[in-house]
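Given next are the chains, with one letter for each unit.
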Amino acid sequence: SCATRTLLFNKASFKPIVTLPAALNKIQSASIQTSTVRSDIDSAAKYIGAGAATVGVAGAGAGIGTVFGSLVIGYARNPGLKQQLFSYAILGFALSEAMGLFCLMMAFMLLFAF
């Protein structure tokens, strides 16, 4: 009948020896649902991407340290250029800080916008 599926056959008469209900057979052959696994992979990729984007913040910190370290060396070598060196240092600080903030913005966008 269509409500049962045949598992084993008797060789002589080809009648079913063991039968299973069709509903049980459908349960055994159901495919694995991947929606939760895909969601887990997506969230893991978000966290990895956000972590990689925050590496730029450390680079910005190193850049700011280099800018002001060079400013101190410049003051020591030529105190007469104090105002010009300071304006260049502020410009370097602003550019380094902007790159760090862009990296932080990308990390937050990866975490909360996508």
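This text follows the structure it describes.
Here's a quick rundown of the structure. (Residues numbered from 1 in each chain as written. Predicted model: local features only at pLDDT ≥ 70, side-chain atom pairs only at ≥ 80, totals over all residues. Heavy atoms only, no water.)

1. Observations regarding the packing of helix 3 (residues 55–77) against helix 4 (residues 82–112)
Here helix 3 crosses helix 4 at 175°, and the two axes come no closer than 8 Å. It follows that helix 3 is roughly antiparallel to helix 4 by the angle criterion. Residues G56, V57, A60, G63, I64, V67, F68, L71, G74 and Y75 of helix 3 form the contact with helix 4, whose participating residues are K82, L85, F86, A89, G92, F93, S96, E97, G100, C103 and L104. In the contact of helix 3 with helix 4, the residues fall into 13 nonpolar, six polar and two charged. (Axes fitted to C-alpha atoms, helices over the stretch in contact; angles between N-to-C directions. Helix = DSSP H or I, 4+ residues; strand = E, 2+ residues; numbered from the N terminus. Parallel < 35°, antiparallel > 145°, perpendicular 65-115°, else oblique. Contact = heavy atoms within 4.5 Å. Nonpolar A, V, L, I, M, F, W, Y, C, P; charged D, E, K, R; others polar.)

2. With respect to the packing of aromatic side chains
Within the structure shown, the criterion is met by two aromatic pairs. Where F108 meets F112, the ring centres are 6.2 Å apart and the plane angle is 25°; that geometry is what we call stacked. In this pair, F108 and F112 both sit in helix 4, four residues apart, roughly one turn of the helix. The exposure class assigned to F108 is partly exposed, which follows from its relative accessible area of 45%. Taking the ring centre of Y75 as reference, the NZ or CZ of K82 above it sits at 5.9 Å. (Phe/Tyr/Trp six-rings, centres within 6.5 Å; stacked < 30°, edge-to-face > 60°. Buried < 20%, exposed > 50% of the residue type's maximum accessible area, 1.4 Å probe, protein only. Lys NZ or Arg CZ within 6 Å of the ring centre and 35° of its normal.)

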